[in-house]
Amino acid sequence: MSKRRNTRHTRANPTKKRQASIQTMDAFSNPAARIGFGTMDLLQATEYPLTRLTQNYQLLTSLYRDNWIVQNIVATIPNDIVRKWYEIRAGIQPEQVDQMVKLERRTQVRKKVLLGMYWGRLYGGAVGVILIKGQNDMSEPLDFNTIMPGSFLGLQILDRWSGVYPGSELVVDPEDPDFELPAFYIIRDEETGYTAARVHHSRIIRFVGRELPWMEQVAEQYWGESEIEAIYNEVMKRDNVSGNIAALTFRANINYMETEGLDQLLGTANTEMQRRFYNLMAAQSVMESNFGTRIINKGDAIHNTQYTFTGLSDVYDRIMMDVAGAARTPVTKLFGRSPAGLNATGEADMQNYYDYIDGLRETELRGIIERLLPVMALSAWGMVPDDMEIDFPTMWDPDAKEIAEIAERKTNAILAVYQNDLIDSAIAQQELQAIADETGVWSKISDESIQAGKGKTYTSSRMMADPMAGIERSQNSDGEEDEE
């Protein structure tokens, strides 16, 4: 009995394993109606082949040189990312800020970062090599102790097709910001094949387009995806629609003439008769162009057909919206057109777009600046402050009316707390002074005035100005006032 039980048990296990390896695919299918999975349906014939357009250098370059929409897609978002730049938050003197600004201007840091973003978005990858005077062996890690004042020379921008190749060795330190990225980058001369430099990753600033999954990132040699690859089909649709609309303008007004025996003339007549007919039509065309009239034989008829462009503008607008959506840029920003529709201002779209730009500044620009800033600080000041941080100014600037409303509401809120004796005059003035950067008002409150207002509440200030202000008065039966 035990043997039979064991035998049955051993026979049951392979069956369970086979059942566990069966794949189940849940889908809707209606073969009779030819809809759903596995049917002869037009939707089921749709395919999405893996094209990897990012690797087509010639196509991307041709699109950038020829198509103004592609140029806007590549440049618009980087221009907005660096437009407000950054602000240093540290205990430094104003002259140190001027030194940093002069260093940035001399080395053109903002322009180089902008170019790196351009080519990273266009080709899916670019690098900025940090150049430091006196450090010729770039294969060594960047040592901040060897950076001398005035030694920062700026960035050298190279896209992925300009002779820079990621090495096969990867960064294995999890604490390194470049973890699982190439540890070295090889810079070669494309004409001679000579290796110019082997650069350590700590001296490299990476610019990539759209991020890719790990396996696709490996297939792209640790670069990203070009921004053009995701919008290529939408750009083709827009160009074809625009070209067809332009071609329709030539057919907006067509004249055609009825001629008896035209098929015989073109099919069976000799060459001389056909030549005379062509000359006749050419002469009539010239006369019509010059004088607006056409002379025909008696019995012939001329008809005029006019084409209306109703609905084409709606089609073109929808195509523009698709391109803008794929590029993650508002139509007003990408195509330079004003908002359409009744009472349309485009403020909501622009505010959402600027919120997106604020996110990109935190995820992309912050890492670039934080890698460059210690190098620039050592070159400009000779030291790196321990409390040095950076902030990004807000992208959305309110208009004068909105600023006035903000100032009024915040001022009234501060005064309400002060008049209820919850804070003294010094704290109230400090709060008013704090809103000066945002609203531009109350910026003239001095530190001496704040110091003099310590301990003075609203009630005590009134008592000092009018000793009788806190005395309540009432009238007696004779109409005279009694003091309580």
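Scroll up a little and you will see the structure.
Note that this is a predicted model, so its numbers are computed, not measured.

Draft legend 1. Structural detail: a nonpolar patch on the surface. Together, Trp214, Met215 and Val218 make up an exposed nonpolar region whose accessible area comes to about 310 Å². With respect to the secondary-structure elements, Met215 resides in helix 6 (residues 214-219).

Draft legend 2. View of the pattern of salt bridges. One pass over the structure, following the stated rule, counts 16 salt bridges. As a salt-bridge pair, Glu220 and Arg160 come within 3.3 Å of each other at their nearest N and O atoms. One end of the pair, Glu220, is in the loop between helix 6 and helix 7 (227-248); the other, Arg160, is in the loop between strand 5 (152-159) and strand 6 (164-166), and 60 residues separate them in sequence. Across the pair, exposure class does not vary: Glu220 and Arg160 are buried alike.

Draft legend 3. Seen up close, the packing of aromatic side chains. Across all of its chains, the model carries 10 aromatic pairs by this definition. Summarising the aromatic geometry, the rings of Tyr64 and Trp119 are spaced 5.7 Å apart at their centres and angled 80° between planes, so their arrangement reads as edge-to-face. Of this pair, Tyr64 sits in helix 2 (residues 57-66) while Trp119 sits in helix 5 (residues 109-123), placing them 55 residues apart in sequence. Looking at Trp119, the relative accessible area reads 23%, which means it is partly exposed. For the pair Tyr185 and Trp223, a centre-to-centre distance of 6.4 Å together with 45° between the ring planes defines the contact as tilted. Of this pair, Tyr185 sits in strand 7 (residues 184-188) while Trp223 sits in the loop between helix 6 and helix 7, and the two are 38 residues apart along the sequence. Classification of Trp223 as buried rests on a relative accessible area of 2%.

Draft legend 4. Summary view of the sheet that holds strand 8 (residues 195-200). The sheet built from 3 strands is open, its strands ordered 6-7-8 with antiparallel pairing. This sheet does not close on itself; its edge strands, each paired only once, are strand 6 and strand 8. On average, each strand axis in the sheet is inclined to that of its neighbour by 25°, with strand direction left out of account. Where strand 6 and strand 7 come together, 3 bridges link them in antiparallel fashion. Within strand 7, the position partnered with Tyr165 by the bridge is Ile186.

Draft legend 5. Inspection of the sheet that holds strand 9 (residues 204-208) at higher detail. Read across the sheet, 3 strands follow the order 5-4-9 without closing on themselves; strand pairing throughout is antiparallel. Unpaired on one side and paired on the other, strand 5 and strand 9 mark the two borders of the sheet. Here the strands of the sheet are splayed against their neighbours by 20° on average, with no regard to which way each runs. Where strand 4 (residues 125-132) lies against strand 5, 7 bridges are found, and the strand directions are antiparallel.

Draft legend 6. Broad picture of the packing of helix 5 against helix 12 (residues 347-380). Packing of helix 5 against helix 12 brings their axes to within 12 Å, and their N-to-C directions diverge by 145°. The handedness of the crossing between helix 5 and helix 12 comes out as right-handed. Residues Val109, Val113 and Met117 of helix 5 touch helix 12, and the partners they reach there are Leu365, Ile368, Leu372 and Met376. Across the contact of helix 5 with helix 12, the residue classes break down as 7 nonpolar, no polar and no charged.

Draft legend 7. Just helix 3 (residues 68-83), in detail. Here helix 3 contains 16 residues, and its C-alpha end-to-end distance of 21 Å stays within 8% of the 22 Å for a straight helix at 1.5 Å per residue. At Ala75, helix 3 shows its maximal kink, close to 30°; a proline, Pro78, follows between one and four residues later. Every buried residue of helix 3 is accounted for by Ile69, Val70, Ile73, Val74, Ala75, Thr76, Ile77, Pro78, Asp80, Ile81 and Val82. Turning to helix 3, the residues buried within the fold contact helix 2, helix 5, helix 7, helix 10 (312-327), helix 11 (331-334) and helix 12. Put simply, Asn67 is the residue that caps the front of helix 3, since its side-chain oxygen is 2.8 Å from the backbone nitrogen of Ile69.

Definitions and limits used
- Position numbers for residues start from 1 in each chain and track the written sequence from start to end.
- Owing to the predicted nature of the model, reporting of local features is limited to residues with pLDDT of at least 70; listing and counting of side-chain atom pairs is limited to 80 or more, with chain, interface and lining totals taken over all residues.
- Only heavy atoms go into the side-chain values, all of them from the structure, while hydrogens and water stay out.
- In this analysis, a patch consists of residues with relative accessible area above 30% that form no salt bridge, clustered at 9 Å for like charges and at 5 Å for the nonpolar side chains Val, Leu, Ile, Met, Phe, Trp and Tyr.
- The Shrake-Rupley method, run with a 1.4 Å probe sphere, supplies the accessible areas, and residue values consider only the shown protein chains as cover.
- A pair is scored as a salt bridge if a Lys or Arg side-chain nitrogen falls within 4 Å of a carboxyl oxygen belonging to Asp or Glu.
- Strands here mean DSSP runs of E at least two residues long; helices mean DSSP runs of H or I at least four residues long; both are numbered from the N terminus.
- Burial here depends on accessible area, computed with a 1.4 Å probe over protein chains only, as a share of the maximum for the residue type. Under 20% is buried, over 50% is exposed, and the range in between is partly exposed.
- By convention, a stacked pair of Phe, Tyr or Trp rings (six-membered ring in the case of Trp) has centres within 6.5 Å and planes under 30 degrees apart, an edge-to-face pair has planes over 60 apart, and any other such pair is tilted.
- Pairing between strands is defined by DSSP: at least two bridges between the two strands are required.
- Fitted lines through C-alpha atoms serve as axes, helices being fitted only where they are in contact, and the angles separating the N-to-C directions of these axes extend from 0 to 180 degrees.
- We call a crossing left-handed when the near helix sits turned anticlockwise from the far one by less than a right angle, and right-handed when that turn is clockwise.
- Any two residues whose heavy atoms approach within 4.5 Å at even a single point are treated as in contact.
- Residue type decides the class: Asp, Glu, Lys and Arg count as charged, Ala, Val, Leu, Ile, Met, Phe, Trp, Tyr, Cys and Pro as nonpolar, and the leftover types, Gly among them, as polar.
- One less than the residue count of a helix, multiplied by 1.5 Å, gives the span that helix is expected to have.
- Here the bend at a residue is taken as the angle between two axes, fitted respectively to the seven residues that end there and the seven that start there.
- Throughout this description, a polar contact denotes any pair of N or O atoms lying within 3.5 Å of each other; where both atoms belong to protein, one of them has to be capable of donating a hydrogen while the other can accept it, and for residues adjacent in sequence the pair is counted only when both atoms sit in side chains.

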